[in-house]
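Okay, here's what each chain looks like letter by letter:
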Amino acid sequence: MSARGISDRVAIVAMGCTRFGEHWSASTDDLVIDAVRECLSAVPGTGLADVEAYWLGTLGSGQSGLALSRALALDYRPVTRVENYCATGSEAFRNACYAVASGAYDKVMAVGVEKLKDSGFSGLTRSDPPGDGTAPENTLTAPAAFSLLDPAYCAKYGVDPADMRAAMTHVAWKNHANGALNPKAQFRSAVSKEKIDAAPLVAGRLGVYDCSGVSDGAACALIVRAEDAHLYTDRPVYVKALALSAAPGRAAMDTGYDYTTFPEVVRSAEDAYRQAGITDPRTQISLAEVHDCFTPTELVLMEDLGFAGRGEAWRDSLDGAFELGGRLPVNPDGGLKSFGHPVGASGLRMLYECWLQFRGEAGERQLAEPRLALTHNLGGRPGACVSFVSVVGSELG
């Protein structure tokens with residue numbers, strides 16, 4: 001794992017984000033243009049021609065750098081298209097930051113976009129390499145795979161299934177309540193706990209409200225050298241840590257894996273905390289945007305990220321620890337539960353919420369004087385994931 005990192009060497013000076021939702025009347029290009037327009041409008045005198053290089057994150061809404069250069073009519077700028085499962089948008093951001101930190105460029109842009117609603121599929125689009133048909137992802141849906149976290153957690157920690165069900169419901173209730181305050185969320189209605197509990201089942205004990213939705217969206221970030229940040233804005237966001245971990249993928253055959261943790265998350269979080277100099281994430285982190293693809297996922301993440309003790313996240317959640325007024329607000333923008341998950345855009349959408357919070361522009365969701373924020377993406381399924389963790393802050397040092 002990386003030991004050095006690029007803490008305080010690069011900064012975000014502008015961001016843009018579309019509303020996430022069912023954009024039947026907008027194309028992938030339209031979404032990209034809208035996000036980039038919002039981003040550049042915040043930096044007077046800076047246009048597309050001033051950006052030296054671009055990184056595009058998309059899982060299935062475009063191939064090669066042409067997917068971005070065509071949409072923006074770029075003048076022969078370098079564009080790199082990346083994909084890393086659900087961490088795709090974060091991967092675009094990570095690579096763009098490294099390019100500036102290396103000294104190769106002074107000003108770059110990371111863009112993430114996904115157009116899922118026009119695909120004809122009910123969920124994520126993917127193209128698997130040829131195989132013999134026995135790969136786990138061919139025999140087990142994502143809801144089914146993540147539903148295994150619930151009974152495994154109860155069995156390991158002796159949690160009453162009724163208490164675990166209440167904690168899962170609380171996660172959905174919290175994130176929908178936060179999303180109701182966000183004009184860019186796909187779902188902008190609070191949902192009662194009674195309605196969440198009565199929803200049709202999807203897999204195991206996961207109901208409709210335990211699963212993130214499917215949506216279209218785009219988000220982007222303009223990134224510069226930290227020493228140049230105040231040339232563009234009086235409130236930049238500084239990158240403290242970027243960490244990525246990819247699993248060896250052997251957990252399906254490992255009898256020691258018990259479905260109560262994501263080892264990739266633990267490793268990437270440890271790496272990010274080392275880079276950022278964080279020794280107590282529970283008290284040092286002001287807010288966290290995490291990958292709540294399913295409600296039990298968020299509960300397990302609270303422990304893997306060090307926000308709760310092992311076997312304690314369900315109780316901390318019910319006690320309100322991760323609500324807007326709690327000790328560590330988690331998914332203050334509404335998370336994947338309220339935004340859906342246009343794969344290439346989600347990681348940058350999470351950073352967009354941090355950007356708004358640090359600038360005091362989060363409206364009814366605004367937290368009091370946030371200083372450090374964490375974003376997290378998880379791609380794959382229990383036992384075989386990629387995990388990304390970033391830490392960003394409002395101050396240098």
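Before any of the text, the structure's been laid out above.
Basis of the calculations
- Residues numbered from 1 in each chain as written.
- Predicted model: local features only at pLDDT ≥ 70, side-chain atom pairs only at ≥ 80, totals over all residues.
- Heavy atoms only, no water.
- 1 Å grid on protein atoms, 1.4 Å probe; cavity = no way out; pocket = protein on both sides within 12 Å on 5 of 7 lines; lining within 4 Å.
- Points joined across faces, edges and corners; volume = space filled by probe spheres on them.
- Helix = DSSP H or I, 4+ residues; strand = E, 2+ residues; numbered from the N terminus.
- Buried < 20%, exposed > 50% of the residue type's maximum accessible area, 1.4 Å probe, protein only.
- Contact = heavy atoms within 4.5 Å.
- Disulfide = S-S within 2.5 Å.
- Salt bridge = Lys/Arg side-chain N within 4 Å of Asp/Glu carboxyl O.
- Phe/Tyr/Trp six-rings, centres within 6.5 Å; stacked < 30°, edge-to-face > 60°.
- Lys NZ or Arg CZ within 6 Å of the ring centre and 35° of its normal.
- Pairing = 2+ DSSP bridges.
- Axes fitted to C-alpha atoms, helices over the stretch in contact; angles between N-to-C directions.

Attention now moves to empty space enclosed by the protein. According to the stated counting rule, one finds one cavity of 30 Å³ or more in the structure shown. With four residues, helix 14 (residues 343–359) is the largest single contributor of residues to the lining of the largest cavity.

On to helix 6 (residues 149–157), then. Of the residues making up helix 6, those classed as buried are L149, D150, A152, Y153 and C154. Looking at the buried positions of helix 6, the neighbouring elements they touch are helix 5 (142–147), helix 7 (161–179), helix 11 (295–304) and helix 12 (313–318).

Under the definition given, this model contains zero disulfides. Here C211 is not cross-linked by a disulfide; its sulfur's nearest cysteine counterpart is in C293, at 9.1 Å. Not engaged in a disulfide, the cysteine C354 finds its nearest cysteine sulfur in C17; these two sulfurs lie 12 Å apart.

Now for the pattern of salt bridges. Enumeration according to the criterion identifies 27 salt bridges in this entry. Note that R225 is salt-bridged to D106, the shortest N-O span being 3.6 Å. Of the two residues, R225 is situated in strand 7 (residues 216–225) and D106 in the loop between helix 3 (88–101) and strand 4 (107–115); the sequence distance between them amounts to 119 residues. Look at R225 and you get partly exposed, because its relative accessible area is 28%. Its salt-bridge partner being D150, residue R205 comes within 2.7 Å of it at the nearest N-O pair. Here R205, found in the loop between strand 5 (201–203) and strand 6 (206–207), pairs with D150, found in helix 6; they are 55 residues apart in sequence, far enough to count as distant. Here D150 falls in the buried class, since its relative accessible area comes to 3%.

Across all of its chains, the model carries six aromatic pairs by this definition. Measuring from ring centre to ring centre gives 4.8 Å for Y257 and Y259, while their planes differ by 55°; the resulting arrangement is tilted. The exposure class of Y257 is buried, given its relative accessible area of 12%. Ring pairing ties together the aromatic residues F146, F262 and F294, which thus form one cluster. Here the basic side chain of R349 rests over the ring of F339, its NZ or CZ set 4.8 Å away from the ring centre.

Attention now goes to the sheet that holds strand 4. Backbone-to-backbone hydrogen bonds pair the strands of a sheet. The strands run either parallel or antiparallel. Spatial strand order, 3-2-4-7-1-8-11-10-9: nine strands in an open sheet with mixed pairing. Edge positions in the sheet fall to strand 3 (79–82) and strand 9 (287–289), since each has one partner strand and no second. Within this sheet the neighbouring strands show an average axis-to-axis angle of 25°, counted without direction. Relative to strand 4, strand 2 (residues 53–57) runs parallel, the two being bridged by five bridges. Residue pairing in the sheet places Y54 in a bridge with M109 of strand 4. With respect to the sheet, helix 3 is in contact with strand 1 (10–17), strand 2, strand 3, strand 4, strand 7, strand 8 (237–246), strand 10 (372–381) and strand 11 (384–393), its orientation differing from that of strand 8 by roughly 120°.

Nothing here speaks to function; it is geometry throughout.
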